[in-house]
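# Structural description and commentary
The chain contents come next:
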Amino acid sequence: MIGENQKIGVMLFALGMGFLFFGVIMFFDTTLLTIGNVLFLAGVGFIKGPAATINFFQTRLQVGCWSCWSCWAGGVVMRVG
């Protein structure tokens, strides 16, 4: 059975996908894409639940290797610099 939080999550997820779609249609409008990303992530958080969402992101961060993080940091430094 679907609970109230999951119903809210599905609605946020759908709104997020809609904003992302219109952001791409409007030639990658950054405002629409940002709103879409926030709604999408909030929807996934409501659907899965806060504990499962936090657990997902924590395990992904702990598993990472140093070469991956150094490559990412190097790309950020090159982009900013």
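Residue numbers restart at each chain and count upward from 1, following the sequence in its written direction. For this predicted model, a pLDDT threshold of at least 70 governs which residues receive local features, and a threshold of 80 or more governs which side-chain atom pairs are given and counted, while totals over whole chains, interfaces and linings are taken from all residues. Only hydrogens and water are set aside when side-chain values are computed; all heavy atoms of the structure are taken into account.

### A word on the packing of helix α1 (residues 4–25) against helix α2 (residues 30–48)
For any two helices packed against each other, one specifies the inter-axial angle together with the distance between the axes. Relative to each other, α1 and α2 sit at 160°, their axes nearing to 7 Å. With respect to their mutual orientation, α1 and α2 come out roughly antiparallel. Crossing of α1 against α2: the hand is left-handed. For helices, the fitted line uses only the C-alpha atoms of the stretch in contact; every axis is such a line through C-alpha atoms, and the angle between N-to-C directions lies from 0 to 180 degrees. Helix numbers and strand numbers start at the N terminus; a helix is a DSSP run of H or I with at least 4 residues, a strand a run of E with at least 2. Working rule for angles: under 35 degrees goes down as roughly parallel, over 145 as roughly antiparallel, 65 to 115 as roughly perpendicular, anything else as oblique. Here a crossing is called left-handed whenever its near helix is offset anticlockwise from the far helix by less than a right angle, and right-handed whenever the offset is clockwise.

### What to know about α2
Note on helix geometry: an α-helix contains 3.6 residues per turn, so any two residues three or four positions apart are oriented the same way. Helix length check: α2, at 19 residues, gives a terminal C-alpha distance of 27 Å against a target of 27 Å (1.5 Å per residue), a fit within 8%. Burial classes: relative accessible area under 20% of the type maximum marks a residue as buried, over 50% as exposed, and values in between as partly exposed (1.4 Å probe, protein chains only). Considered for burial, the residues of α2 that qualify are Leu32, Leu33, Gly36, Leu39, Gly43 and Gly45. Positive backbone phi, approximately 100°, marks Gly49, located one or two places after α2. Given a helix with a known number of residues, its expected span is that number minus one, times 1.5 Å.

### What to know about α1
Compared with the 32 Å implied by 1.5 Å per residue over 22 residues, the 32 Å span of α1 between its first and last C-alpha is a close match. Listing the buried residues of α1 in full gives Gly9, Leu12, Gly16, Leu20 and Gly23. Seen end-on, α1 carries its buried residues on one side only, within an arc spanning 75°. Opposite the packed face of α1, turned more than 90 degrees from it, sit the exposed residues Glu4, Met11 and Phe21. Of the surrounding elements, those touching the buried residues of α1 are α2. Positive backbone phi, approximately 60°, marks Phe27, located one or two places after α1. The arc in question is the one traced by the directions running from the helix axis out to the C-beta atoms. Working rule for contacts: check all heavy atoms of both residues, and any pair within 4.5 Å makes them a contact.

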